[in-house]
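For reference, the chains in residue letters:
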Amino acid sequence: MELRKIGVLTSGGDAPGMNAAIRSIVRYGLSQGFEMVGVERGYHGLLRGEFVELTAASVSDLIQRGGTILQTARSKAFATPEGIESAAKIAKDYGLDALIVIGGDGSFRGAQKLCEQGIPTIGIPGTIDNDISCTEYTIGYDTALNTAMEAVDKIRDTATSHQRCSLIEVMGRNAGYIAIEVALATGAEMVLVPEKDKNCPRVQLVNRIVEDIKAAQSVGKKHHIVIIAEGVGGSQELAEMIEECTEVETRATVLGHIQRGGSPTIKDRVVAAQMGMRAIDLLAQGKSNRVVIIKNGKISDVDIDEGLAMKKTICEKDYNLIGYLSRSINNVGQN
Ligand code: F6P
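Please read these numbers as outputs of a predicted model, since none were measured by experiment.

**Q** Is there a simple way to explain the pairing of strand β8 (residues 224-229) in this structure?
**A** Within a regular beta strand, the side chains point alternately toward one face of the sheet and then the other, so they alternate between its two faces. Of all six residues in β8, six are buried, a share of seventy percent or more. Going residue by residue along β8, you find H224, V226 and I228 tucked away on one face and I225, I227 and A229 tucked away on the opposite face as well. By the bridge criterion, six bridges tie strand β6 (residues 165-170) to β8 in an arrangement that is parallel. Along β8, the bridge assignment pairs E169 with I228. Of the pairings in the sheet, the one linking strand β7 (residues 190-192) to β8 comprises three bridges and is parallel in character. Pairing of L192 across the sheet is with I228, part of β8.

Here it is as C-alpha cells:
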C-alpha cells in the first residue's frame, strides 16, 4: 500500500518531550514527502474524528514546551471491540494510511488493536514513569527526575533546619523507577517502592522507618528523608504514625503533577527527536506494529506484541545502594 498520510496522537499521561517528539515526527515526515495529521485528545479524539493538518509551522516554537499540543486523554470507549472498530473506520474514512502513537503500554495496546484492523501503527514510549518493559528509556523520565530532585533538595533544606523527618511522595502508581533514582540523587535515607512495599502492613513500614531514624539520630544526623513512590501511598498517615513513635517532627509532601510538566531536559528533547525519526523510517520501510525503543543505549525497535509481553524489574543494585550510602555515612558518624 502506498503511504501518503500519517497521523500522530499522544495518549495516556502527558510527559515532557512529547511536543519535541511531535515536532520531529511532523518535520521529518514532511521532509520524506508525507502529509502529516494530528489527532487531538488521543484515542478519545480519534473516535470523534478530531483531525488537524500539521505543517512545519504548526510545530514551531514547540521543542522547549512541556505537555502536548495535541492534548491527551484516557478513553474507556476506545478500549472496547466496538470502539476500536469504529476508530479504525474513522481513520480510514479520513484517509489516514498509518498512525504513530506516543504513550505508554495502554496506548500501545490500542495501537496493536488498530493494526489488527488494518491501520499500520508505530508506538513511541512517552511516560514519566519509565515503566515500559521493552525500552530502557521513556520520553519524559529525565525531566521528571530533575523536577523531583530539585523539589527534594529544597525540602531537605527546611528538614535540616528543623531536624525533621520528611516523607516525599513521587509519582509512580505501579513503578518505583522515579523513586529509586530520585532517592539516589538526593542522598535520601530510605526509599519505598510499590514493587517491594505496596502490600506491606503500615505498621511494618513505620517500624522500619523508626529504626532507621533512631540509628541516624545516634550518629547526629539532622534530617531524615524518605522517598515514597505514589503506589505505596499513604504518606500523610505514615508521617503521623512516625511522629507518634519517635517524637521527631515529621512532614509529608506529595509532589504530584508538578513532575509531569515543565520544559523538557536536553535528554528528553534529543531522544524525542531520534525516536520520531525512527518511527517515520519504520513506516516508510513498510513496517508496522512496532515500538521504537532504546536498547543498549541506542535507538532500536521491537514488535509491539513482543514488547508488551516483556517484564521490567527495578534495579536491585541501585535500590540497595541507597541503603549502603545512608548506612556508611552513619558508620563514619557524619551527616
Ligand atoms: O503514568 C504517569 C503518571 O504520572 C503516573 O505516575 C501516575 O500514577 C499517573 O500518571 C497519574 O495519572 P493522572 O494524571 O490521571 O492522575
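**Q** Where do I start with the sheet that holds strand β4 (residues 98-103) in this structure?
**A** Sheet strands pair via backbone hydrogen bonds, and the direction of the pair is either parallel or antiparallel. Pairing in this open sheet of seven strands is mixed, and the strands run β3-β2-β1-β4-β5-β10-β11 from one edge to the other. The outermost strands of the open sheet, each flanked by one partner alone, are β3 (51-54) and β11 (298-303). If you compare each strand with its neighbour and ignore which way they point, the axes differ by 30 degrees on average. Taken together, the five bridges between strand β1 (residues 5-10) and β4 define a ladder with parallel strand orientation. Its bridge partner lying in β4, T10 is registered against I102. Its contacts with the sheet place helix α1 (residues 18-31) against β1, β2 (35-39), β3, β4 and β5 (121-125), and it is angled at close to 160 degrees to β4. Along the sheet, helix α4 (residues 105-116) makes contact with β4, β5 and β10 (290-295), crossing β5 at roughly 170 degrees.

**Q** What's the story with the domain arrangement of the protein in this structure? I'm lost.
**A** How big an interface is tends to be stated in terms of the accessible area lost upon association of its parts. As assigned here, the protein comprises domain 1 (5-140 + 264-309) and domain 2 (143-261). Using C-alpha coordinates to define each centre, domain 1 is positioned 34 Å away from domain 2. Taken together, the contact between domain 1 and domain 2 spans 13 residues of the former and twelve residues of the latter. Between domain 1 and domain 2 lies a buried interface of about 960 Å² when both sides are counted; carbon and sulfur atoms form 54% of it. Counting across the domain 1 and domain 2 interface gives one salt bridge. Ionic pairing is found between R260 and D14, a salt bridge with its closest N-O pair at 2.7 Å. Counting across the domain 1 and domain 2 interface gives five residue pairs in polar contact (both at pLDDT 80 or more).

Thresholds applied
Residues numbered from 1 in each chain as written. Predicted model: local features only at pLDDT ≥ 70, side-chain atom pairs only at ≥ 80, totals over all residues. Heavy atoms only, no water. Buried < 20%, exposed > 50% of the residue type's maximum accessible area, 1.4 Å probe, protein only. Helix = DSSP H or I, 4+ residues; strand = E, 2+ residues; numbered from the N terminus. Pairing = 2+ DSSP bridges. Axes fitted to C-alpha atoms, helices over the stretch in contact; angles between N-to-C directions. Contact = heavy atoms within 4.5 Å. Domains from an automatic or database assignment. Buried area = accessible area lost by both parts, 1.4 Å probe. Salt bridge = Lys/Arg side-chain N within 4 Å of Asp/Glu carboxyl O. Polar contact = N/O pair within 3.5 Å; in protein donor to acceptor, adjacent residues only side chain to side chain.

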